[in-house]
Structure formats: C-alpha cells, structure tokens
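# Summary of the model geometry
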Amino acid sequence: MLRRTAMNAHTPITSALPFAVPSSRWDDEVAGRLSPAELLLYRSNLLGSDLTVTNFGGGNTSAKLEEVDPLNGEKVEVLWVKGSGGDIGSMKLDGFATLYQAKLLGLEAHYSGPDDDDKMVGFLPHCTFNLNGRAASIDTPLHSLLPFAHVDHVHPDAIIALAASSGGEAATQEIWGGRIGWLPWKRPGYTLGVMLRDYVKANPHVEGVMLAGHGIICWADSAKACYEHTVQLIADAANYLNARLGSAPAFGGQKVAPNPDRAAIAADLMPRLRGFMTGARQKLGHFSDDAEALEFTGSADFERLAALGTSCPDHFLRTKIAPLTLDPARLQDDAYLAQKVADYREMYAAYYERCKRGNSPAMRDSNPVVVLVPGVGRITFATDKTTARLAGEFYGNAINVMRGAEAIGDYIALDEQEAFDIEYWLLEEAKLQRMPAPKPLVGKIALVTGGAGGIGAASAARLLREGACVVLADRAADAVEEVRAGFARQFGKDVVRAAVCDVTDEAQVQAAIDVAAREFGGLDILVANAGIASSAPIEETTIELWNRNYDVLAQGYFLTARAAWPLMKRMKDQGGSSVVFIGSKNGVAAATNASAYASAKAAANHLARCLALEGAPHGIRVNTVNPDAVIKGSKIWDGDWRKERAGAHGIDSGKELEEHYRQRSMLKRDVLPEDIAEAVYFLGSDMSAKSTGNMINVDAGNAQAFTR
Ligand SMILES: [Zn+2]
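The structure contained in this document is the topic of the report that follows. (Residues numbered from 1 in each chain as written. Predicted model: local features only at pLDDT ≥ 70, side-chain atom pairs only at ≥ 80, totals over all residues. Heavy atoms only, no water.)

## Quick look at helix H23 (residues 640-649)
- Of all the positions in H23, only Trp641, Arg642, Arg645 and Ala646 are classed as buried. The buried residues of H23 occupy one face: seen down the axis, they fall within an arc of 130°. Opposite the packed face of H23, turned more than 90 degrees from it, sit the exposed residues Asp640, Lys643 and Gly647.
- Looking at the buried side of H23, the elements it contacts are helix H22 (595-615) and helix H24 (655-664).
- Gly650 occupies a position one or two residues after H23 and carries a positive phi of about 70°. (Buried < 20%, exposed > 50% of the residue type's maximum accessible area, 1.4 Å probe, protein only. Helix = DSSP H or I, 4+ residues; strand = E, 2+ residues; numbered from the N terminus. Arc of directions from axis to C-beta. Contact = heavy atoms within 4.5 Å.)

Encoded structure:
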C-alpha cells in the first residue's frame, strides 16, 4: 500500500487512499546466473520484499524441480515449497521444504474428507526429500495437488479486497473475463487443495483462482512467467479498485478530523490502557497515526466496519476477532477506559464459549490487541514490541481491504466459527506449547538516563539482553543516537529508542518519559544514572560548581523519578515497577576535596529511601547501586575529574590511577560498567521483587562504604 506520511494535522480527507499498482522488477541478467532452486528463491524474494504484493510473512511459492535422489542416484521430481514460518521477502534457500512430489500425490489414499485435514498434516514429514529439516506448511497441498511447475499464492490488499467483498466474484469476472476462477471460502488445509485441484480440472482454461476471504493462487511454466503473472494480476485488481474508488472519500467520508495533538494523546492514553490489561506479563504498545488509521477511524462508517472484524486469516490471527473502539471525548475518564477493556474481555470470553468445541484448547489472552480512536489513530498491544507493531500493520492491511471491498459491494468479514477454528486450531496449539519460555524481562519497558555513557549503556544492554524494551535518554544527541543504532543492530530496531534529555530540564525529562509512553506504552524500570563529578577543596568550591552537582545528581534524580511516577503507579496490579538509582560509594563514604559531588550523591541516596517509602503502596520499588571507580567507558572519567582525583591522591592520571583504585579495593579488582549493570538487572527485575529501600555496593569492597 502507498504510505502517505506526514499527514497535516487538519487535513480533511477528500479522496480515498489508492491501492498501489506493482510492476515487474525481474532482472534477466540476475536471473540468468541462477539455478532452478535459486530462481524460485529470487522470485519469492522479489514478491515478498514488494509491500504492494504481499504483507509480512504472507503467501508462499513453489516449484517442481528435477533432483538427484541421494538414495539411488536417479532423477526424481521434488516439490520446493516455502516451509512453515519465515516470510518470502527475506527467506533464504533453507526456508523451503523439499518433498518427493510422487509421495505427496500418493497421500490422497489417506484422505477421505474434510475431517482428515489435521491427519494429513502429519503425513507431510514422511515425504521429506534429502533430510531437509524445514517443516512443510499446511499450504503444501495447494501446491502439490496442482499440476503446474511454478505456483504462487499471495494475499495482497487489492486481491483480498476482491476476495472479501459481496461484489468480488462479479468483479473477478469483469476484470479477467473467466481467466481467473473463484472458490468459496474454505480454511487452509488439504481439503482446500483438493477443491482447488478439482476446480482447475473442471475449468482447464483458468490461469489462477481467487480464494474467497483469503487471497489468490496462480501458476505458469517458468519462474519468470509465474512472477510476472502474479504481479500483473495484482496490478489488474489495484487498477480496477482505484477506478471505482475515484475521487470520493472512502468509508462514507470524514466525520472526525485528525487531532493535531494525537501523539501527546497517545502518550497519555497508552500507559493507562496498559494498566487496565490483565495477564501474567505486561503488554507492549505500538502507536500509529498513518494515513490508513486516520482515514478509517475518522470516517462515517468506522463503527459499523470495525465491529465486523478482519477477513483474511493472516490478518485475523494477528489482530484478534475485533478491535476495541474508544470515544475520543472520554479518553480522560479512567472508569470509562477500565470498563471498555473489561467489556472487551467479556466479549472475547463469550465468543470463546459460543464457538468452542469439545477438544478446544483453553481460552487464551482475552485482552484487546487493536485499539482504535477516531482522530488519534491505532494503538496495538502484544506481549512483545515486534508482535504489537506487526498487529498494527496487519490491521492497516485490513483497513485497505475494507476500503476496496466497500468500493465494489459490502465488506464480508470472516465467519465467527471459522475464525475460532483457525485461532484455536489444535496443531497450532501444539506449536504454541513447544515455544521456549520468554526471557525474564519480555514485556518490560525501561528508561536509562545517561544512556550513552559507560554504566548507562552497559545497563541498557543488560536489560535488552533479557528482553526489555529500552529508551536511552542522554543530553549528547549524537552519542545517544550512535548507541541506539548499535543496539538496534544487536537486539532489533523495534526494542530501542533514543531521547535527547538533559536531566536538569524539567520539560526534556517529561519528553523522554513521553517517548517511553508513546513508543512502548508505559514504564516499568527507571534507571536514574545521568551524572557528573567534580573535585575541589571547600574553599575553591564555587556556588556554580555546588549547584551544578545538585542540579544533576539530586534534582535530576528527583525530576526523572517524579515524571516516571504516574506511569509506574499504573503497573501496581501487574507486578509493580522498579526505580534504580546509580549512587556512589561517595554517597555513603566521605571523600576528600569532593564535598559538592559526594553530598549531592548522598542526597540522591536518601531521596531513594524516601521514594521507597512513598512508592511501596503503589508497587514501586526504589533501590540504589553504589559503584566506585568505574573508569572504563565513563565520560566522567575522561575529563578533569580524572586529573583532579589523581591530583587529590598525588599520583599520575593514567594507568597509575586505575592501579591505585584496584589496589585500594578490598578485593583488588577493577570495577567495570558490566558489573554495575548486573546489579541494575537484579534490582530492575523480579529477582528482587521483595527488596526496596536498599543499597548494593559494587565497588570491589570498600570498608568505608559498608552500610550500617
Ligand atoms: Zn494464504
């Protein structure tokens, strides 16, 4: 779909968003160098990486190729078909399952009717060619049962729009004049493969078949011809729909204009909604105010269409049976929000009860995934950030489908019982049960001030490694962006954000907290770490130096904790939240010639204890880590502080200083940022769920700093 970015705040939507029209990107020169299997991969990647053709993970491709059987050296026909999981845009050759075509055809002896669909899946591994470990998907029979060398099956928006409209069959006839057939809805599986094969046998002239409520399947004699056939069919559908959308606004026209403050509204709303969700793990949120979301939620037909739910199984599995819709005039009303979320859970439980079968798995999470607010946009929640983002994108596809479907007839959503049977399919349940347990911090949102520095970045990395989403806040814009980019490469772009924030600036602190709220949905772990250090005898300590230490170390910690408080209070019933102050040995032990620094650190340490007392009724824990002499990676130790401390100790500021601190410690060891990060992880996680008001010294042992 075309993305219209940066929609103006008050833009009235005067015409419907158009469907993108794909064109062939085939390169004969590239293709000429490829083996038959590589040609299949090339075609698949071309289709899958073109967002106008297919959505994430959707669709599958196949080729029936001649291979040499490793058992007897004889030539044998092998079906290469996209395997289970992954997506055709980014897959590699190992993403294909390879199966003996003759054995696949022989499976029909085991098939006696639709009730055998699950049983048939179990036979697929027995057809594996060449010990390929890639599992075959349930769509395999669509490919194996068709007598064509190359087969594509995709679900682009323009195609599903036809497939999910009351006018879709007539439109298919009008566009392709009988060249493309039409099969009524049937959920994916062996039976659909048989229906398709029989349909094509009875209609030998067709070049492809629309699968109602689902997508399209088509074929050709070569990889190139198949690819270009698929692209042309999508372009035909898009052109047809665009002509019918015309210049009129979609969905009955605009009723609610995009709200210019929608980003701020989302930042305010998301932590509150998240607080009303239930379950063993916190939810991660994703906000989008893209053109699709604003056009749809602000339209006259919004409530009617949203209630119908999505159509294509791909969309439905990501977005749940229906979205939760909210009245933009009542977003400030907590009782209203709580009731709406509770009502949704009740609606979902009723759907489960209505549709469940004798052997259905237990009811899953009943919280809403998609939340729609007119004028604001689309908010999605899931147990991890990527799933939340993808759910939002799939709902965006569903909006496109509804727009196209309504342009040529009435939009038809997936039948409720069919939807249920897909959602609670027994074989899928088995797959869910085999999934590894999530990492300890999955679902948690952390914000680390001073996130570009040694201890801050090490702490952020530790939290990211355990599955948390992290906002890095730092006043150094370039440095924090560099650290963010590095973490995005290491942990994925979804889970880390950067905010430029000087902790002495109240507005910037609030803005950084708002980033956590808007980008992830709230805040569970605050690591107050941004610091400075100074060294001066009392008589040389200016008011400016004194205030600078107190501004950053005392007031800065106060401002970040105060801004975090409202978000953290929301998580009381979901395991609570945790504030971790990075203190200092000098907050406990007296320091020579550093009275401004050390006393400001002591103020922060005591602030932590006061906040522990105040936070406990809200489930907010507050603890402190006291490092000492963490020199590696520290910006503080890069500058004057190093020279000043060396001067204070009467030694050289280079290697000698590090040796001095090592020897001064009881354990004679260096203290590294990663050591502090371990304590941050412990205090931020549920491992310390019953600890608050505590200090952990990470200083290689310093008797002066023993707490008493
Ligand atoms: Zn499909």
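Here the narrative resumes.
## Here we look at the packing of helix H7 (residues 168-176) against helix H9 (residues 223-245)
- The geometry of H7 relative to H9 is characterised by a closest axis approach of 11 Å and an angle of 110° between their N-to-C directions. Comparing their axes, H9 and H7 come out roughly perpendicular. Regarding H7 and H9, the two cross each other, and that crossing is right-handed. Between H7 and H9, the residues in contact are Ala171, Glu174, Ile175 and Trp176 and Leu233, Asp236, Ala237, Tyr240 and Arg244, respectively.
- Residue classes in the contact of H7 with H9 are distributed as 6 nonpolar, no polar and 3 charged. (Axes fitted to C-alpha atoms, helices over the stretch in contact; angles between N-to-C directions. Parallel < 35°, antiparallel > 145°, perpendicular 65-115°, else oblique. Left-handed = near helix turned anticlockwise from the far one by under 90°. Nonpolar A, V, L, I, M, F, W, Y, C, P; charged D, E, K, R; others polar.)

## A closer look at the sheet that holds strand E11 (residues 377-382)
- Spatially, 4 strands are ordered E8-E11-E10-E9 in an open sheet, and the strand pairing comes out mixed. A strand with exactly one partner marks an edge of an open sheet, and here the two such strands are strand E8 (284-288) and strand E9 (324-325).
- Pairing geometry for E9 and strand E10 (residues 370-373), over 2 bridges, is parallel. When the bridges of E10 are listed, Thr325 appears paired with Leu372.
- Running at roughly 155° to E8, helix H10 (residues 262-276) makes contact with E8, E10 and E11 of the sheet. (Pairing = 2+ DSSP bridges.)

## Focus: the nonpolar core
- Ranked by internal contacts, the top residues of the largest apolar core, which has 78 residues, are Leu447, Leu463, Phe487, Leu523, Phe581, Val625 and Ile676.
- For Phe487, the contacting residues outside a window of four places in its chain are Ala457, Ala460, Ala461, Leu464, Leu472, Gly492 and Val496.
- Of all hydrophobic cores here, the second largest spans 44 residues; its members include Ala158, Ala212, Ala238 and Ala405. (Core = buried A, V, L, I, M, F, W, Y, C linked by side-chain atoms within 4.5 Å.)

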